[in-house]
Amino acid sequence: MTTPAALVVEDEADLRELIELSLSGMDLDVVGVGTLAEAHEQLAKRSFALCLTDLRLPDGMSLPLVEKIGRDFPHTPVAVLTAYGNVETAVQALKAGAFDFVAKPVDISQLRSLVQTALRLTANLPAEDASTRLIGESPAILQARATIKKLARSQAPVYVSGESGSGKELAARLIHELSPRASGPFVPVNCGAIPAELLESEFFGHKKGSFTGATVDKPGLFQAADGGTMLLDEVADLPLSMQVKLLRAIQEKAIRPIGAHAEQAVDVRIISATHKNLHELVDKGEFRQDLYYRINVIELPMPPLSERREDIAPLTRHILAKLDPAGRTSLSDDAYAALAEYDFPGNIRELENILERALALAEGDVVHAEDLRLPAPRPATPAPSALAAMNPAGSAPPAASEPTAAGGDSLEDYIEQLERERILKALESHRYNKTKTAEALGITFRALRYRLKKLGIE
Ligand SMILES: Nc1ncnc2c1ncn2[C@@H]1O[C@H](COP(=O)(O)OP(=O)(O)OP(=O)(O)O)[C@@H](O)[C@H]1O
Ligand SMILES: [Mg+2]
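Residues numbered from 1 in each chain as written. Chains lettered and ligands numbered in written order. Predicted model: local features only at pLDDT ≥ 70, side-chain atom pairs only at ≥ 80, totals over all residues. Heavy atoms only, no water.

### Examining the overall build of the protein chain
Item 1. Within the protein chain one finds 20 helices and 16 strands.
Item 2. The 458 residues of the protein chain split such that 48% are buried.
Item 3. Residue pairs at least 24 apart in sequence account for 68% of intrachain contacts in the protein chain once pairs closer than 6 positions are excluded.
Item 4. On the protein chain, roughly 22,100 Å² of surface is accessible, and the fraction owed to carbon and sulfur atoms is 53%. (Helix = DSSP H or I, 4+ residues; strand = E, 2+ residues; numbered from the N terminus. Buried < 20%, exposed > 50% of the residue type's maximum accessible area, 1.4 Å probe, protein only. Contact = heavy atoms within 4.5 Å. Areas by Shrake-Rupley, 256 points an atom, 1.4 Å probe, with all protein chains shown as cover.)

If you want it as structure tokens, here you go:
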């Protein structure tokens, strides 16, 4: 095992030294630089488990660096150092893909816990995913598991279909991790989250000077996924114009960055996924038939949970063990029975959320059916609000503009409370789909996951 490395980008020598010292004390191999140019150089040379960067550097603002790392090194979390009290720049940094920010003057203990969280995030990724096999013993899930194993050995494009929350992304990851490409990158791309005018540059990269604003050469997602697997998530959301270009890239196994003269070969396996009915979209002329055939060489349908009710109990036990590793809480028989009856329109993700909320709300060490707060079979109103549930007074959720500062009096508590309410609301209105929630909040998926952890929402 090599020591994980951290990249520190800070031009104030004293502060940089202080950070370097505290990170070295955490058994990190620290590389400190004072400019963006040096940071880019370092990133090209080696991989980092973490990057801390000042927002303002002698050669520019660091937001493009944050964006670049998020795009090209998705396993390197970046945190940004911001001037005290400057919430706006902090938000900008988060939007650009930073997983957190540190306000100056830097509080060392705060910095340490941030670094620890970041390292846990990166460390957990591969290990957790590799061991989290698809849980379930129903014929449908056994079939899916067998198909995944077979697909892992092939290079064929795979199309994962299935309802939202049914495990499409997990299946795609497993295919990658069981495949010979496992040591290469797995690059999930949320096709619906990239603005149409940026798609080509995002996917294929661009050359410096190829359009206004293209100030440096920028590699695209295909280059980032070279040697690995790309998941085209929500592929149905790609506009037709981009579908043509994608088809070409897949067919030719080569791409041409915007402004480049020659094509360059890329070795990327494509897995696509969507909860929409792609075949129907083809019939309606909204999805190109030729691309459909290209990416749908093999279909892997992920069965909805309502069609494999026998998996509800094992999944429940599995999720419970993850949420409560010490095994302090258990589910009563009536709770299991209630779950077995429920429809799960949001599938496994919904089950995860139900259990998480139930654990948070349960009074003793047994979760009863009523703690699950399952929506009535035919709900006239949306599911009970997680927000209301978080609000012990049981009052209606406050208007977005009037947050309740319940946590405490400090500004920090107030901001946290604001954040929590906004995130819970967004989660709810997107049926706990984190990808969509992150999108709605204008932050990256990774940033959302980090904030959920930090706020103790999951
Ligand atoms: N069979 C399974 N065993 C264990 N965990 C599962 C299983 N299927 C899904 N999960 C978990 O459920 C959650 C949702 O799965 P995933 O993100 O893969 O769904 P999805 O189909 O991609 O959803 P969406 O359409 O909303 O993007 C994840 O936390 C995943 O780890
Ligand atoms: Mg998904």
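### Remarks on the side chain of D233
Item 1. Relative to the assigned elements, D233 resides in strand β10 (residues 229-233).
Item 2. No salt bridge is formed by the buried D233; the nearest opposite charge belongs to K168, separated by 6.1 Å.
Item 3. Other than its neighbours up to four places away in sequence, D233 contacts E169, V189, N190, C191, G192 and A273. (Lys, Arg positive; Asp, Glu negative; His and termini not counted. Salt bridge = Lys/Arg side-chain N within 4 Å of Asp/Glu carboxyl O.)

### Regarding the pattern of salt bridges
Item 1. Applying the stated criterion across every chain, the model contains 20 salt bridges.
Item 2. Between K207 and D217 there is a salt bridge, with the nearest N and O atoms lying 3.6 Å from each other. With K207 in the loop between α8 (199-204) and α9 (221-224) and D217 in the loop between α8 and α9, the pair connects residues that are ten residues apart, well separated along the chain.
Item 3. Through salt bridges with shared partners, a single network forms among E10, E12, D54 and K104.

### Regarding a negative patch on the surface
Item 1. A contiguous patch of negative charge on the surface is contributed by D11, E38, E41 and D59.
Item 2. Following the sequence through the fold, D11 ends up in the loop between β1 (5-9) and α1 (13-24). (Patch = residues over 30% accessible without salt bridge, like charges linked within 9 Å, V, L, I, M, F, W, Y side chains within 5 Å. Charge placed at Lys NZ, Arg CZ, Asp CG, Glu CD.)

### Considering the sheet that holds strand β13 (residues 269-274)
Item 1. Spatially, the five strands line up as an open sheet ordered β9-β10-β13-β8-β14, and their pairing is parallel. In this open sheet, the two edge strands, each paired with only one partner strand, are β9 (186-190) and β14 (298-301). The average angle at which neighbouring strand axes cross in this sheet is 20°, direction not considered.
Item 2. Pairing of β9 with β10 involves five bridges; the strand directions are parallel. (Pairing = 2+ DSSP bridges. Axes fitted to C-alpha atoms, helices over the stretch in contact; angles between N-to-C directions.)

### Structural notes on the nonpolar core
Item 1. Counting residues in each nonpolar core, the largest one holds 32 residues, and the members touching the most others are F203, F222, M230, L232, L238, L278 and F287.
Item 2. Secondary structure elements with two or more residues in this core: β9, α8, α9, β10, α10 (240-252), α11 (278-283) and α12 (289-295).
Item 3. Ignoring any residue separated from it by four or fewer positions in sequence, one finds F287 in contact with V235, A236, L240, Q243, L278, L281, V282, Y292 and I295.
Item 4. Core analysis: the next-biggest nonpolar cluster, separate from the first, contains 22 residues, V8, M26, V30 and A118 among them. (Core = buried A, V, L, I, M, F, W, Y, C linked by side-chain atoms within 4.5 Å.)

### Let's talk about the site of ligand 1
Item 1. Close contacts around ligand 1 come from 16 residues, with I135, G165, K168, R349 and E352 the closest.
Item 2. G165 places a polar main-chain atom, nitrogen or oxygen, 2.8 Å from an oxygen atom of ligand 1.
Item 3. Within the backbone of G167, one N or O atom sits 3.1 Å away from an oxygen atom of ligand 1.
Item 4. Compared with its free state, where it exposes 630 Å², ligand 1 has 90% of that area covered by protein.
Item 5. Broken down by secondary-structure element, the contributors of at least two residues to the shell around ligand 1 are α7 (168-177) and α15 (347-361).
Item 6. Taken together, the residues of the shell around ligand 1 sort by class into five nonpolar, five polar and six charged. (Near = heavy atom within 4 Å. Polar contact = N/O pair within 3.5 Å; in protein donor to acceptor, adjacent residues only side chain to side chain. Nonpolar A, V, L, I, M, F, W, Y, C, P; charged D, E, K, R; others polar.)

### What about the packing of helix α2 (residues 36-45) against helix α3 (residues 63-72)?
Item 1. Between α2 and α3, the least distance of the axes is 11 Å, while the angle of their chain directions is 10°. When the interaxial angle is binned, α2 and α3 end up roughly parallel. Together, L36, A39, H40 and L43 of α2 and L65, K68 and I69 of α3 make up the contact between the two elements.
Item 2. Its residues placed into classes, the contact of α2 with α3 shows five nonpolar, one polar and one charged. (Parallel < 35°, antiparallel > 145°, perpendicular 65-115°, else oblique.)

### Looking at the pairing of strand β3 (residues 50-54)
Item 1. When you tally the buried positions in β3, you get five out of five residues, the bulk of the element.
Item 2. The alternating pattern of β3 places L50, L52 and D54 and C51 and T53 on opposite faces, both of which are buried.
Item 3. As judged from the four bridges shared by β3 and strand β6 (residues 78-82), these two strands associate in the parallel manner. From the neighbouring strand, C51 faces β6, where its bridge partner is V78.

### Structural notes on the confidence of the model for the protein chain
Low pLDDT marks stretches whose predicted atomic positions should not be read closely.
Item 1. Of the residues in the protein chain, 88% have a pLDDT of 70 or more, and the chain-wide mean is 84.
Item 2. This model gives residues 378-407 a pLDDT under 50, and the stretch forms 37 contacts once residues within four places in sequence are excluded. (pLDDT = per-residue confidence, 0-100.)

### Details of the packing of aromatic side chains
Item 1. Scanning the entire structure with this criterion turns up five aromatic pairs.
Item 2. Among the aromatic residues, those joined into a ring-pair cluster are F203, F204 and F222. (Phe/Tyr/Trp six-rings, centres within 6.5 Å; stacked < 30°, edge-to-face > 60°.)

### Quick notes on the environment of S306
Item 1. Here S306 shows up in the loop between β14 and α13 (312-323).
Item 2. On the accessibility criterion, S306 (29% relative accessible area) is partly exposed.
Item 3. Separated by 40 residues in the primary sequence, S306 and G346 place their C-alpha atoms 9.9 Å from one another.

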